[in-house]
Amino acid sequence: MALDNLVIVESPAKARTIEKFLGKDFVVKSCFGHIRDLVKKNFGIDKQNNYKPHYQVSPEKKKVVTELTKLAREAKTVWLASDEDREGEAIAWHLSEVLKLEPHRTKRIVFDEITRDAITQAVANPRSIDQDLVNSQQARRVLDRLVGFELSPILWRKVKPALSAGRVQSVAVRLLVEREREILNFSASSSYKVSAIFKVKDKDNKTVDLKAELSRKFPSKKQVLDFLETCKNAEFRVADIVTKPSKKSPAPPFTTSTLQQEASRKLGFPVAQTMRIAQRLYEAGKITYMRTDSVHLSDLALNTAKAEITKAYGDRYAQTRRYRTRTKGAQEAHEAIRPTYLNQKQVTGTAQERKLYELIWKRTIASQMSDALLEKTTVTIDISTSDEHFIARGEVLKFDGFLKVYSESTDLELGNDREGTTRGLLPPIRVNDRLDPGRIEAVERYTPRPPRYTEASLVKKLEELGIGRPSTYAPTISTIQQRGYVVKEDRQGVSRDYHYIRLDMEQPEKEISEELKSEITGAEKAKLFPTDIGMVVNDFLVKHFKDILDYNFTAFVEEEFDEIARGELVWYKMIDKFYQPFHKKVVETTENSQRNVGERRLGNDPKTGKPVIVRIGRYGPLAQLGETRAGSTASAKSTEKPKFAALRKDQRIETITLEEALELFKLPRTLGQYQDHDVVVAIGRFGPYIRHQSAFYGLKKDVDDPFTIELDRAIQVIKEKREADRQKIIKTFDKNPDIRILNGRWGPYISYKKENYKIPKKTDPKTLTLEDCMTIIAAGPAKKKKSKKK
C-alpha cells in the first residue's frame, strides 16, 4: 500500500499530539530523540569543505533506522518536523542524510506551537533545509569537540585523570571560582543604623507608631552614643512632606532563561527540571516552543490575552504591549514562551506540569495588563539639637493593575517590605507638627558579602555576558555538577555578635542601654559552590588558556555562530582561524607546563617537624604529612612513607588551617574492644567506616562523625549491619554454596556466580529447592548490570 505522507519528529509524545491535527493521509513517526542517539558518527570534511558525517548505525537503534528508511522509501513526501531552532535544523539534516532522502520528496516544516492552526499553516508553507542553520549548529559542535578533545588529555596529565574541559562549561566554572574567591577575601565592615519610633494620632485619634530612619549611618559606636546624648533634650518637628505618584510595569513574557530563573525562585525547580517539564508541555501542545530568547508575542496571542483580561478583570486592566528582544546576541525571532490557548488558565498533568503552566500563564497575561499605580510619601523630620534628619517613607497601592495576577521575583528578595518603607498610608501629619519620640535605637549592621550563585542567577549572568544560548544553559549547569567541579548544596550559617543600643524617651531618666545580641549569618540554600578540583582545574586553564576562558572570547564565538546562521561567515574558515593558534598552544602547554595539583603548604607538625601539605590526590583533595616526590611514593632512602588523610566534606584546600589538617591524622582511631577485638574507626576511599574482626561497617552520612563517634555507638552500628546481613540471606544450599536466595532492594532474587536472576511472581522464595533454582537460572538470562560510560 502506497504511503502519501510521512512526518518525522523527535519524540513519541510530540508525534501523538501532531497526529491529532493531521488527516489520514499523514503517518507520524518518532526518531526517538536526537539523531545523534541513533547513530555513532565521526565528523569530517569533504573536498568541497562541506561537513560530512560518517554514520555507523548502533545495534540498539538499528530497528528504528530500518523502519524509518522503509517508510521513507514508500512515502510520496517526507516531512521533517523537528524543532525550529538550529539543533532542530541539524536533526532534520542528519535524518535526510542517514535515511538517504531525495530532496524533491523532502519538505521541512517548522512551528513554535503544536496547535491545529500552526500545523496546518506549516504544512501549507514548507521549505527546504536551511544549510546555514545546519552549518552554524555543526560549527558549534565541531568547535566544542575540538576544545574538549584537546584540553581534556592535558588535564589528565597535568592535574588528575578522568577530568574534562569545555568551551562553555569551563567559563561557567570560572564565574563560580572567581565569586568564591571574592567571598573568601571579603572583609565585612560594620556601621550603625539608627531609627526612631514616634507616637502620633491617626484619623480616629488613636495613638500609632510612625517609624523613621536616620538619613545616614554611623561608622562607630562612639558616634552613636554621642548622637543619642544630643537627642535626650531635642525637639522633633516635621520639616517637609513630599508625595509623588509612581507606577510599576509588568515584566515581559518568558524567554528560556527568564523561565528557568523564575521557576527556580518561585517553584524551587533546578533549570534542568524546568526544561524537562517545559518540553513535555510543549510536546503536549500546551505551550509554545520552550527554547527561545525572544519576548515577542503574535497578534493572535495579543488579541486573545486582551479578550481574556477584559472578560476576567475589566477594560481598565487591559493594556496591549509589544516587547522587543534586547538580549545580547539574541537568536532567531521566535515567539516568547506562552500558553497555546490563553483561555485555559489550568491544564491537566502532573503537579509539576500544572505549577509550571500556571506560572507561564500568569506571566503572559500579566505582561498585557495595565501598570500598577502607587503613591509614595516621604516625611523629613528635623532634630533641634543636630543637623541630622529622620526620614519616614510610606507607600500605598492606588491601583493594582498587573499585580492582581502576578509579581516577578528577584534573586535578592529580603522580604515583603523594602528597607525603610512602610507599606500603607502614613498617619495624618502636617509640616511643622511636633512629634513625640517613643524610643530611638541603633543596630550594628555589617556590609553583606557578594552573593553566591544559584542556578537561576548563573543563567542570568551567562545570558548577560552573551555566553551560550537558550538550548545550552541547562546542559552546562548539569555538566559542571556531574563533573564534580561544582556542588549545589545548603550550608549552615555561623553565629555573629552585634551591638544594640537603645534610648528610651518615654522614661523620665531617658537612659541609654546597651546589649550584645547574636545572629546567624552566611547560611546558604541551594547555592553553587566550586569544589577544590574545580578551582585547581580553573586555575590551570586560566593560566595556560586565558583566551579560551575569556568571557568576551566566548561571547564573540557565539556571535560568529550567529553570522554563520545568517550566511555571512563560512563555517570552516571560522574553525580554521580558531584551531591553528589553539592547537599550537595545546602542544606548547603539553610539553612545557608543570603539573598542578593545587598544592599548599600549611606549616610543620609540632611533634615530628614534618611538613603538612594539602593538594589534589588521585581520589580527591587530601592532606599529607611528610615529604614525597610528585608522582612517586617516599624517597628511596626514606624508611617511613608520608601519611595521607582525605579532607572532610566541609574543608577546602584554600581555607584549611594547619590545626585542622593535623586533626585529620588522628584517624584511624581505636575506640576500644568489642568481643575481644579492637573497634577501629577510619576514613577510606568511599567514606568513613568501622573495622572490626576484619569486617567493615560504613558510618551513616550526616549522622556519625568518625572524629567524635564513641564505642557504644560503634557497637550499635556493627549490630545493625550484622542483623541486616542476616535478613538479607533467605536461603543457602550446602551442596552448591554459589547459589543463594537473597533479599534485594526490589524483592527476592537468586544470586549465582556474581549474576542475579529474578524469581517469578507469586513464588515463595523460602520454598525453592536447589533444583528449582537451577531451573530458573537455566530458563532466564541473568539481569545485565548497567555498564558505566567510559
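Going by the structure above, here's the rest.
Residues numbered from 1 in each chain as written. Predicted model: local features only at pLDDT ≥ 70, side-chain atom pairs only at ≥ 80, totals over all residues. Heavy atoms only, no water.

**What to know about the overall build of the chain**
Here comes step 1: A count of helices and strands for the chain gives 20 helices and 29 strands.
Here comes step 2: In terms of its C-alpha atoms, the chain occupies a principal-axis envelope of roughly 95 × 85 × 65 Å.
Here comes step 3: Going through the 790 residues of the chain one by one, you find that 47% of them count as buried.
Here comes step 4: Of the contacts formed within the chain by residues at least 6 apart in sequence, a portion of 70% connects residues at least 24 apart.
Here comes step 5: Of note, the chain has its 142 positive side-chain charges centred 6 Å away from the centre of its 112 negative side-chain charges. (Helix = DSSP H or I, 4+ residues; strand = E, 2+ residues; numbered from the N terminus. Buried < 20%, exposed > 50% of the residue type's maximum accessible area, 1.4 Å probe, protein only. Contact = heavy atoms within 4.5 Å. Lys, Arg positive; Asp, Glu negative; His and termini not counted. Charge placed at Lys NZ, Arg CZ, Asp CG, Glu CD.)

**Observations concerning unusual backbone geometry**
Here comes step 1: Cis geometry is found at the peptide bond from Leu 667 to Pro 668, where omega equals 0°.
Here comes step 2: By the secondary structure assignment, Pro 668 is in the loop between α18 (658–664) and β22 (669–674).
Here comes step 3: Here the phi dihedral of Asn 432 falls at roughly 80°; this positive angle occurs in a residue that is not glycine.
Here comes step 4: Structurally, Asn 432 can be placed in the loop between β12 (421–423) and β13 (434–446).
Here comes step 5: Although it is not a glycine, Lys 510 sits at a positive phi angle of roughly 50°.
Here comes step 6: For Lys 510, the location among the structural elements is in the loop between β15 (494–504) and β16 (512–521).

**Some thoughts on the pattern of salt bridges**
Here comes step 1: Going through the model one piece at a time under the given rule, you end up with 59 salt bridges.
Here comes step 2: Notably, a salt bridge pairs Asp 226 with Lys 222, separated by 3.0 Å at the nearest N-O pair. Taken together, the positions of Asp 226 and Lys 222, both in helix α8 (residues 221–231) and 4 residues apart, correspond to about one turn of that helix.
Here comes step 3: A relative accessible area of 40% means that Asp 226 is categorised as partly exposed.
Here comes step 4: Between Arg 496 and Glu 519 there is a salt bridge whose closest N-O contact spans 3.1 Å. Highlighted residues: Arg 496 in strand β15 and Glu 519 in strand β16, separated in sequence by 23 residues.
Here comes step 5: Arg 496 sits in the partly exposed class, given a relative accessible area of 23%.
Here comes step 6: Ionic contacts of the salt-bridge type, sharing partners, join the residues Glu 10, Lys 14, Asp 83, Asp 85 and Arg 291 into one network. (Salt bridge = Lys/Arg side-chain N within 4 Å of Asp/Glu carboxyl O.)

By themselves these figures say nothing about function.
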